[in-house]
Amino acid sequence: MQTTAPTASRHLRAGMVGFGMIFDETYRPFFEAAFRLPLFSPETGPVHVALSAAASRTGTRAERYRQSASGKTISPFRNFAGPDAIGELLAAGVDAVCVATPDDRHFEAARAALTAGKHVLIEKPSVLDLTQLDALTRLAETHGVLAKVVYHKLADPDHKKLRTLVADGVLHHVNNGYCSLLEPKSISSGQFAEWIVGRNPATYVAVHYLKLIDFTFGPDWSLDRVSATGQRGLVGPAGGPTWDSVQLQLVYRHPDQREAAFDIHTSWVTPDNFPGYVEQEVQFRFDNAVWSAHQRKRGVELTVENRTPGELKNTPNYHYNSTFLEPWGERSQRGYGVEVIERFFKEVAFVEFGGPPDQKPDRLKRMRALTYNDLSADRNCVAVVQALEAILRRAADGIPGCVVRVNGPQGGLTLFEPGNASPLVLYPGRV
Ligand SMILES: NC(=O)c1ccc[n+]([C@@H]2O[C@H](COP(=O)([O-])OP(=O)(O)OC[C@H]3O[C@@H](n4cnc5c(N)ncnc54)[C@H](O)[C@@H]3O)[C@@H](O)[C@H]2O)c1
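Residues numbered from 1 in each chain as written. Predicted model: local features only at pLDDT ≥ 70, side-chain atom pairs only at ≥ 80, totals over all residues.

A. Looking closely at the overall build of the protein chain. For the protein chain, the helix and strand inventory stands at 11 helices and 18 strands. For 431 residues, the compact-globule estimate of 2.2 N^0.38 gives 22 Å, and the protein chain sits close to it at 22 Å. Its C-alpha atoms give the protein chain principal-axis dimensions of roughly 65 × 60 × 50 Å. For the protein chain, buried positions account for 43% of its 431 residues. (Helix = DSSP H or I, 4+ residues; strand = E, 2+ residues; numbered from the N terminus. Rg over C-alpha atoms; globule rule 2.2 N^0.38 Å. Buried ≥ 20, exposed ≤ 12 C-beta atoms within 10 Å, placed from the backbone.)

Below, the structure written as structure tokens:
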């Protein structure tokens, strides 16, 4: 690998679009850590990363945080709000933009940032259909920047080990499995109430498992079909377009023509006093093995009078993200949820500063080849999301039981209604 002498003044200015729950959980701890210490790699030397601008709908949370933290625990940053906030953020001078708006508002923000020639990191799900994905990957290519998506579960040590065992041939030929992720009611009734109409919990969280399955067991297989059903009546009216819970099934075909099927159950109406807040488990069955994992029952069980299970959790997942007193005396907030954001900035730093300017295209190519987070490798996940949304929309319109076929003779994504032989083409190109 080409190395250059470290210089003292390598800086990346970050823009944050969306300043809600996930900013507070993962981006804030990353930017606060980066305020204290530069990123470092042998190729780049120290690189200072600073949050320099934020854009959100009302700007209220960002302003409250700016007043209390700016210049103390985080770099001074500008705060923009309202309909022109993203344009103002881009004009303020940033090198990379993180998009953490609600999932149906990622595309416009990411498109504006890529068009302005900024590196982009988008929260999962990256976008809701393949036409949008095509547009963003083209823009990243044209402007010579990175376009990446956050799937932090790939950095969970348990999932890394799962993939390692698959890659090493210890777990042989996955056949089927289930994944379940249940969010508390407070998510759908409080935090997300502003944008939840017409939305569903699968697009929001099943994508974690779509990527885990696709990345861990692929790429030598093909996605074949998608089906889904769900329940309504708690978050919105029973006949309306807003879903309480969703059961999604996807089927892949291995090169030997054997099928593999996965069921992913999601909800955002679990009781708020559920002991672990978010309930997550998976099971994958292979020709020679079974892998079962529970993301919160990892060994810690805690009960504190008057504090669990609300403020503190009975079975916490400290691996994702938590605050710690380190053995060497420092206070920190870390975990794989924060690590994956840091990793994106290291990739940007490598592209910008990891060698001579004339070799930047090679560095860009190398970082784009990382299929765990590159937008160009998000096709199967976005295809499932597009299929799922179309199936749920049909069900809300009174036609339940649709199936979407992938890469069939009539198109990349074709939706079949029960009893109707003519499919609706959702995406004509190949997935
Ligand atoms: N990686 C994870 O596990 C994880 C967890 C939670 C959320 N997320 C993702 O992060 C994204 C945001 O989720 P959240 O929980 O932070 O939501 P949230 O509702 O708490 O916050 C959304 C933020 O976006 C802003 N916003 C809304 N519309 C906007 C617009 N048009 N322009 C600019 N800002 C706008 C709001 O003002 C708010 O600051 C979603 O895509 C979600 O899927 C990821």
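On we go from here.
B. Structural context of the domain arrangement of the protein chain. Partitioning the protein chain into structural domains gives domain 1 (11-151 + 328-369) and domain 2 (157-318). Each of domain 1 and domain 2 has a C-alpha centre, and these two points are 26 Å apart. In this assembly, seven residues from domain 1 lie in contact with seven residues from domain 2. Partitioning the side of domain 1 that touches domain 2 into residue classes produces five nonpolar, no polar and two charged. (Domains from an automatic or database assignment. Contact = placed C-beta atoms within 7 Å. Nonpolar A, V, L, I, M, F, W, Y, C, P; charged D, E, K, R; others polar.)

C. A look at the site of the ligand. In the vicinity of the ligand, 25 residues are found, and the nearest of them are G18, G20, S56, R57 and E123. Looking at the shell around the ligand, the elements that each hand over two or more residues are α1 (21-36), β3 (45-56) and α3 (85-91). The greatest single-element share of the shell around the ligand, amounting to three residues, is contributed by α1. For the shell around the ligand, a count of residues per class yields 13 nonpolar, seven polar and five charged. (Near = placed C-beta within 6 Å.)

D. Examining the sheet that holds strand β8 (residues 174-184) more closely. An order of β13-β12-β8-β11-β10-β9-β16-β17-β18 is seen for the nine strands of this open sheet, with the pairing classed as mixed. Where the open sheet ends on each side, the last strands, each with one partner, are β13 (290-294) and β18 (424-427). Going across the sheet, the axis of each strand differs from the next one's by a mean of 15°, ignoring polarity. The sheet contact formed by strand β12 (residues 279-286) and β13 spans five bridges and is antiparallel. Paired with V282 across the bridge in β13 is A293. Where helix α11 (residues 379-396) meets the sheet, its contacts fall on β9 (222-231), β10 (245-253), β16 (403-408), β17 (411-416) and β18, and the angle it forms with β9 comes to roughly 40°. (Pairing = 2+ DSSP bridges. Axes fitted to C-alpha atoms, helices over the stretch in contact; angles between N-to-C directions.)

E. Structural detail: the packing of helix α8 (residues 201-217) against α11. The interhelical angle for the contact between α8 and α11, taken along N-to-C directions, is 145°, at an axis separation of 9 Å. Here the hand of the crossing between α8 and α11 comes out right-handed. Mapping the contact onto sequence places A202, T203, V207, L210, K211 and D214 in α8 and N380, C381, V384, V385, L388 and E389 in α11. For the contact of α8 with α11, the residue count by class is seven nonpolar, two polar and three charged. (Left-handed = near helix turned anticlockwise from the far one by under 90°.)

F. Fine view of the environment of F35. Position of F35 among the secondary structure elements: in helix α1. For the pair F35 and I196, spaced 161 residues apart in sequence, the C-alpha separation works out to 34 Å. Dropping the residues within four chain positions of it, F35 is found in contact with A50, T73, I74 and S75.

G. Spatial organisation of the nonpolar core. Residues V17, V120, A387, L388 and V404 are the most contacted members of the largest nonpolar core, which totals 113 residues. When neighbours within four sequence positions are excluded, V120 is seen to be in contact with V97, V99, A110, A113, L114, V145 and A147. One finds I187, I196, W268 and V269 within the second-largest nonpolar core, a separate group that totals five residues. (Core = buried A, V, L, I, M, F, W, Y, C linked by C-beta atoms within 7 Å.)

H. Spotlight on the packing of helix α6 (residues 157-167) against α8. It is the contact of α6 with α8, at a shortest axis distance of 9 Å, that shows an interaxial angle of 30°. Taken together, the axes of α6 and α8 lie roughly parallel to each other. The hand of the α6/α8 crossing is right-handed. Contact with α6, carried on its side by H159, L162, R163 and V166, involves L212, T216 and F217 of α8 and no other residues of that element. Among the residues forming the contact of α6 with α8, the class breakdown is four nonpolar, two polar and one charged. (Parallel < 35°, antiparallel > 145°, perpendicular 65-115°, else oblique.)

I. Broad picture of helix α10 (residues 360-368). Of the positions making up α10, those classed as buried are R363, L364, M367 and R368. Along the long axis of α10, the arc covered by the buried residues comes to 135°, so they all point the same way. Structural note: α10 exposes P361 and K365 on the side pointing more than 90 degrees away from its buried face. Next to the buried residues of α10 lie α9 (336-353). (Arc of directions from axis to C-beta.)

J. View of unusual backbone geometry. Of note, the bond from K124 into P125 is cis; its omega dihedral lies within 30 degrees of zero at -15°. Relative to the helices and strands, P125 is located in the loop between β6 (119-123) and α5 (130-143). Note the cis peptide between G218 and P219, where omega equals 0°. Locating P219 in the fold gives a position in the loop between α8 and β9. Of note in the backbone geometry, N306 takes a positive phi value of approximately 65° without being a glycine. Within the secondary structure layout, N306 lies in the loop between β13 and β14 (322-325).

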